[in-house]
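A look at the structure
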Amino acid sequence: MRVAALVLAAGRGERLRRSLPTPSAEASPPKAFLAVGGRSLLAHSLAALQAAPALEGVMPVVPPGWLGRWAGAAGVEPEAPGLLPAVEGGALRQDSVAAGLAALPPTVEHVAIHDAARPLVHPEAVSRVLTAALVHGAAFLAEPVADTIHRADADGNLAETPDRSDLWAAQTPQAFRVDWLREALEKARADGVTGTDDAGLVARCGHPVRVVPGDPANRKITLASDLRWAEIHLAERGS
Ligand code: CTP
Ligand code: MG
């Protein structure tokens, strides 16, 4: 196996829980196990990646303590062809990536990292970013930024307005040479850096990282309003 993916599902979904009309802290499962269109976010994400022909194996990274129950809770057949055994993630997203990376078969040369929280990614977009990573070593899906972004100073005043035409909002999957991603995680740990995505950590090592235009439907489910949006989008798409 040379090309594999990690699907990160080990986060708790605190922002979503807080945005629910009646937050029930104990009762709700981790975000990846919530359903849209009758299927969990994790099941949607795994299916989208399994449908990308270049990916030979897809590994779920599940919350600590969920190894025995993740598949039932997500409505996934854990023995399905193309699915690798799940691993437990860690406290930070970066720890979950490291746990998945450590569990990959040693033959894997390129890995795609996908957030289970982006259930509507198209298999074609997965293939696009993988192709770019196979050629260039590192790539991520991204959308041009629609809003004007200002940087503020410590006093709360506008300090700088970057040219919007250069700005991209990062999505997943992000795909890398495994040796570059390992180096990036080790350097981040040594430097005490916590990144919000992996592309930024790989770029910190001086490696080129290709921007691959994504898809506005590949939105991350962060708040309850995103879940409602996904429900409507799926109904309109008819799947
Ligand atoms: N994730 C993970 N391990 C963590 C934190 C996050 O695998 N320790 C995963 C999430 O499950 C999600 C993806 O990384 O699929 C993106 O993270 P985010 O959208 O921030 O999800 P959560 O961390 O679950 O949500 P929140 O930050 O609101 O708690
Ligand atoms: Mg988070």
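Everything that follows concerns the structure shown earlier in this document.
Residues numbered from 1 in each chain as written. Chains lettered and ligands numbered in written order. Predicted model: local features only at pLDDT ≥ 70, side-chain atom pairs only at ≥ 80, totals over all residues. Heavy atoms only, no water.

1. Some points on the pairing of strand E4 (residues 57-62)
The test is simple: For every residue, the accessible area (1.4 Å probe, protein chains only) is compared with the maximum for its type, and the residue is labelled buried under 20%, exposed over 50%, or partly exposed between those bounds. Runs of H or I in DSSP of at least four residues are treated as helices and runs of E of at least two as strands, each being numbered from the N terminus. Only strands that DSSP links by at least two bridges are regarded as paired with each other.
The element E4 is largely enclosed, with a buried count of six among its six residues. Alignment of strand E1 (residues 3-8) against E4, held across five bridges, turns out to be parallel. From the neighbouring strand, Leu8 faces E4, where its bridge partner is Val61. As paired elements, E4 and strand E5 (residues 87-88) share two bridges and run parallel to each other.

2. Re the pattern of salt bridges
What counts is decided by this rule: Salt bridge criterion: a side-chain nitrogen from Lys or Arg within 4 Å of a carboxyl oxygen from Asp or Glu.
Throughout the structure, instances matching the rule amount to nine salt bridges. In this structure, Arg93 and Asp198 form a salt bridge, with 3.0 Å as the shortest nitrogen-oxygen distance. Here Arg93 is found in helix H4 (residues 93-103), whereas its partner Asp198 is found in helix H7 (residues 198-204), with 105 residues between them in sequence. With a relative accessible area of 1%, Asp198 lands in the buried category.

3. Focus on the packing of aromatic side chains
Put simply, the rule is: A pair of Phe, Tyr and Trp rings is counted when the ring centres sit within 6.5 Å of each other, with Trp represented by its six-membered ring. The angle between the planes then sorts it: under 30 degrees is stacked, over 60 is edge-to-face, the rest tilted. Here, a charge over a ring is recorded when the distance from Lys NZ or Arg CZ to the ring centre is within 6 Å and its angle to the ring normal is within 35 degrees.
For the structure on display, the rule yields one aromatic pair. Seen from the ring of Trp66, Arg69 lies directly overhead, with NZ or CZ sitting 3.9 Å from the centre.

4. Section: the side chain of Asp115
The line we're drawing: Should any heavy atoms of two residues lie within 4.5 Å, those residues are counted as being in contact.
Structurally, Asp115 can be placed in strand E6 (residues 110-115). Given the relative accessible area of 12%, Asp115 is considered buried. Not counting residues within four places of it along the chain, the set of residues in contact with Asp115 comprises Leu8, Ser45, Arg93, Thr172 and Lys220.

5. As for helix H5 (residues 123-136)
Test applied: Each helix should span, by expectation, one fewer than its residue count multiplied by 1.5 Å. An arc is given here, and it is the one of the directions from the helix axis to the C-beta atoms.
Across its 14 residues, H5 extends 20 Å between first and last C-alpha, which sits within 8% of the 20 Å expected from 1.5 Å per residue. Every buried residue of H5 is listed here: Ala125, Val126, Val129, Leu130, Ala132 and Ala133. The buried residues of H5 occupy an angular sector of 160° when projected down its axis, which confines them to one face. Residues of H5 that are exposed and point over 90 degrees away from its buried face: Glu124 and Val135. Against the buried residues of H5 lie E1, helix H2 (41-50), E6, strand E7 (138-144), strand E10 (168-177) and strand E11 (210-213). Two residues or fewer after H5 comes Gly137, characterised by a positive phi angle close to 100°.

6. Some details on the site of ligand 1
Threshold: In this text, near means that some heavy atom of the residue lies within 4 Å of the molecule or strand in question. Polar contact criterion, stated in full: a pair of N or O atoms within 3.5 Å, where within protein one must be able to donate a hydrogen and the other to accept it, and residues adjacent in sequence count only if both atoms are side-chain atoms. Per-residue and other accessible areas follow the Shrake-Rupley method at a 1.4 Å probe size, with only the shown protein chains counted as cover for residues. Cavities and pockets are defined on a 1 Å grid built over the protein atoms alone: a cavity is a set of grid points where a 1.4 Å probe fits but cannot escape, while a pocket is an open set with protein on both sides within 12 Å along at least five of seven lines, and lining residues are those with an atom within 4 Å of any such point. Each molecule is checked against the cavity or pocket grid, and it sits inside if more than half of its atoms lie within 2 Å of the grid points. In this count, Pro and Cys sit with the nonpolar residues alongside Ala, Val, Leu, Ile, Met, Phe, Trp and Tyr, while Asp, Glu, Lys and Arg are called charged and the others, Gly among them, polar.
Of all residues adjacent to ligand 1, which total 18 residues, the nearest are Leu8, Gly13, Glu14, Ser96 and Lys220. A distance of 2.8 Å is found between an oxygen atom of ligand 1 and a backbone nitrogen or oxygen belonging to Gly13. In this structure, Ala91 approaches ligand 1 through a main-chain N or O atom, which is 3.0 Å from a nitrogen atom. For ligand 1, whose accessible area on its own is 550 Å², the fraction buried by protein is 87%. Placement of ligand 1 is best described as lying within the largest pocket. Looking at side-chain class alone, the shell around ligand 1 contains seven nonpolar, four polar and seven charged residues.

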